[in-house]
Amino acid sequence: MTRSNEPTTYELTGERLSPRRTRIDTGDAEFVVGKDVNPVEYFLGAVLGCLNSTATMVARDMDLSIEEMNLRVEGDVDYASYRGEPSDARSGLQDLEVTIAVEADADDETLESWLEAVEDRCPVTDNVENETSLEVAVESA
């Protein structure tokens, strides 16, 4: 991770392996979406992974020692639109709920301040809570 005021640009590529599998190349690593988990599960895992990483950094900054932390995310998807069926529901996840169970050397007030900072600093949850522009284009191969 860069320590400058300049934004970090991520550029990943994907290659269709099958109707349900996509190889993702990050430039540093590769993984296959759809091999072990579906794209929604990868996304939800990214939410938990980023919260874990951010929570750890915030705890370090606050001089808190985390002994144990378990995270859980839950959300609903109505797959009717995805399947091309008529539906009034959005095609994406709705109403995500995250629970972080933490054992740390802190009182409840300190943990509330910690959680507030985690929510403020986590890049992935920021993208869930706030609109991020998305442009999708097609080009012939």
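Details of the structure are given in the entry above.
Calculation notes
- Residues numbered from 1 in each chain as written.
- Predicted model: local features only at pLDDT ≥ 70, side-chain atom pairs only at ≥ 80, totals over all residues.
- Heavy atoms only, no water.
- Pairing = 2+ DSSP bridges.
- Helix = DSSP H or I, 4+ residues; strand = E, 2+ residues; numbered from the N terminus.
- Axes fitted to C-alpha atoms, helices over the stretch in contact; angles between N-to-C directions.
- Polar contact = N/O pair within 3.5 Å; in protein donor to acceptor, adjacent residues only side chain to side chain.
- Contact = heavy atoms within 4.5 Å.
- Patch = residues over 30% accessible without salt bridge, like charges linked within 9 Å, V, L, I, M, F, W, Y side chains within 5 Å.
- Areas by Shrake-Rupley, 256 points an atom, 1.4 Å probe, with all protein chains shown as cover.
- Salt bridge = Lys/Arg side-chain N within 4 Å of Asp/Glu carboxyl O.
- Lys, Arg positive; Asp, Glu negative; His and termini not counted.
- Charge placed at Lys NZ, Arg CZ, Asp CG, Glu CD.
- Buried < 20%, exposed > 50% of the residue type's maximum accessible area, 1.4 Å probe, protein only.
- Disulfide = S-S within 2.5 Å.

## Topic: the sheet that holds strand 3 (residues 30-33)
Next, step 1: With antiparallel pairing, three strands are arranged side by side in an open sheet as 1-2-3. At either end of the open sheet lies a strand with only one pairing partner, and these are strand 1 (13-18) and strand 3. Taking each pair of neighbouring strands and ignoring which way they run, the sheet shows an average axis angle of 25°.
Next, step 2: Pairing analysis gives five bridges linking strand 1 to strand 2 (residues 21-25), with the strands arranged antiparallel. Bridge pairing in strand 2 places Arg16 opposite Thr22.

## As for the side chain of Thr54
Next, step 1: Mapped onto the fold, Thr54 is located in helix 1 (residues 39-61).
Next, step 2: A polar contact of 2.8 Å, which involves the side chain of Thr54, links it to the backbone oxygen of Cys50.
Next, step 3: In this view, Thr54 contacts Val118, Arg121, Cys122 and Pro123; residues no more than four positions away in its chain are not counted.

## With respect to a negative patch on the surface
Next, step 1: A cluster of like negative charges, contributed by Asp107, Asp108, Glu109, Glu112, Glu116, Glu119, Asp120, Asp126 and Glu129, occupies part of the molecular surface.
Next, step 2: At the level of elements, helix 2 (108-121) and helix 3 (123-129) are the ones that each hand at least two residues to the negative patch.
Next, step 3: Per-element tally for the negative patch: the top contributor is helix 2, with six residues.
Next, step 4: When you line up the elements, Glu129 lands in helix 3.

## Some remarks on the pattern of salt bridges
Next, step 1: Throughout the structure, instances matching the rule amount to four salt bridges.
Next, step 2: In this structure, Glu15 engages Arg23 in a salt bridge whose closest nitrogen and oxygen atoms are separated by 3.5 Å.
Next, step 3: Its relative accessible area of 43% is what places Glu15 among the partly exposed residues.
Next, step 4: Residue classification places Arg23 among the partly exposed residues on the basis of a relative accessible area of 29%.
Next, step 5: Between Arg60 and Asp61 there is a salt bridge, with the nearest N and O atoms lying 3.0 Å from each other.
Next, step 6: Overall, the relative accessible area of 51% leaves Arg60 in the exposed class.
Next, step 7: Using a relative accessible area of 44% as the deciding quantity, one classes Asp61 as partly exposed.
Next, step 8: What you see here is one network of salt bridges that share partners, running through Arg60, Asp61 and Arg121.

## Some thoughts on a nonpolar patch on the surface
Next, step 1: The grouping of Tyr10, Leu12 and Phe31 at the surface amounts to a nonpolar patch, some 340 Å² of accessible area in total.
Next, step 2: Along the chain, Phe31 turns up in strand 3.

## Concerning the state of the cysteines
Next, step 1: Applying the stated criterion across every chain yields a total of zero disulfides.
Next, step 2: Here Cys50 stays unpaired: no disulfide links it, and the sulfur of Cys122, its closest cysteine neighbor, is 3.3 Å away.
Next, step 3: The exposure class of Cys50 is buried, given its relative accessible area of 14%.
Next, step 4: Residue Cys122 is classed as buried on the basis of its relative accessible area, which comes to 1%.

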